[in-house]
Amino acid sequence: MTTEAHVHHPNYVKVWAILVGLLIVSVVGSMSHIRDVVLIAAFGVALVKAYLVAKNFMHVNVEKRWVPYLLIMCLLFIAIFFAGVSPDVMKRSGLNWNKNSVNQVTSPGASAAPKNE
């Protein structure tokens with residue numbers, strides 16, 4: 001006698017509608033120009049969307065024992081990437097370069113191009 005495991009298939013249209021709603025939230029949130037709202041819209045919504053895609057479309061819930069290892073590897077790669085680029089990006093000046101965009105303050109409506117007089 002064989003027993004068949006019942007596999008639950010998600011309602012893909014419902015998941016798609018949620019993803020479209022989250023897309024709209026992230027676009028509207030990024031238009032607010034309020035730093036905290038933009039960060040929450042960008043990263044918070046991205047995490048929720050990544051979870052929904054992984055759970056429902058990539059069927060990660062089938063391979064539960066591999067998920068923690070994959071998550072740890074992804075976080076490790078993010079840490080390595082951040083450690084590699086942060087010395088260059090987070091400083092205003094270096095040995096042979098200056099980050100001019102930080103030093104320049106322009107008034108609203110001013111042109112970004114330098115004036116030739």
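The structure we're discussing is the one just above.
Residues numbered from 1 in each chain as written. Predicted model: local features only at pLDDT ≥ 70, side-chain atom pairs only at ≥ 80, totals over all residues. Heavy atoms only, no water.

**Some thoughts on the packing of helix α1 (residues 12-30) against helix α2 (residues 35-56)**
Convention followed: The axes used here are C-alpha line fits, helices contributing only the stretch in contact, and every angle between their N-to-C directions lies in the interval 0 to 180 degrees. Working definition: helices are DSSP H or I runs of at least four residues, strands are E runs of at least two. Numbering for both runs from the N terminus. To sort the angles, those under 35 degrees are grouped as roughly parallel, those over 145 as roughly antiparallel, those from 65 to 115 as roughly perpendicular, and the leftovers as oblique. Two helices that cross are described as forming a left-handed crossing if the nearer one is turned anticlockwise from the farther one by less than a right angle, and a right-handed crossing if clockwise. A contact between two residues is defined here by any heavy atoms of the two lying within 4.5 Å. Note that Gly is not counted as nonpolar here; it falls among the polar residues with everything else outside the nonpolar set of Ala, Val, Leu, Ile, Met, Phe, Trp, Tyr, Cys and Pro and the charged set of Asp, Glu, Lys and Arg.
Orientation of α1 relative to α2, taken along the N-to-C sense of each, is 165 degrees, at an axis distance of 8 Å. Between α1 and α2, the angle falls in the class roughly antiparallel. For the crossing formed where α1 meets α2, the hand is left-handed. On the side of α1, the interface is formed by Tyr12, Val15, Ile18, Leu19, Leu22, Leu23, Val25, Ser26, Gly29 and Ser30, while α2 contributes Val37, Val38, Ala41, Val45, Val48, Lys49, Leu52, Val53 and Asn56. Of the residues that constitute the contact of α1 with α2, the class distribution is 14 nonpolar, 4 polar and 1 charged.

**A short note on the packing of aromatic side chains**
Going by this rule: To pair, rings of Phe, Tyr and Trp, with the six-membered ring standing in for Trp, must have centres within 6.5 Å; the planes then decide the type, stacked if under 30 degrees apart, edge-to-face if over 60, and tilted in the middle. The buried label applies to any residue whose accessible area, calculated with a 1.4 Å probe on protein chains only, is under 20% of its type's maximum; exposed applies above 50%, and partly exposed to all values in between.
Considering all chains together, one arrives at 1 aromatic pair under this definition. Between tyrosine 12 and phenylalanine 57 the ring centres are 5.4 Å apart and the planes differ by 20 degrees, which places this aromatic pair in the stacked class. Of the two residues, tyrosine 12 is situated in helix α1 and phenylalanine 57 in the loop between α2 and α3 (67-89); the sequence distance between them amounts to 45 residues. Since its relative accessible area comes to 35%, phenylalanine 57 is described here as partly exposed.

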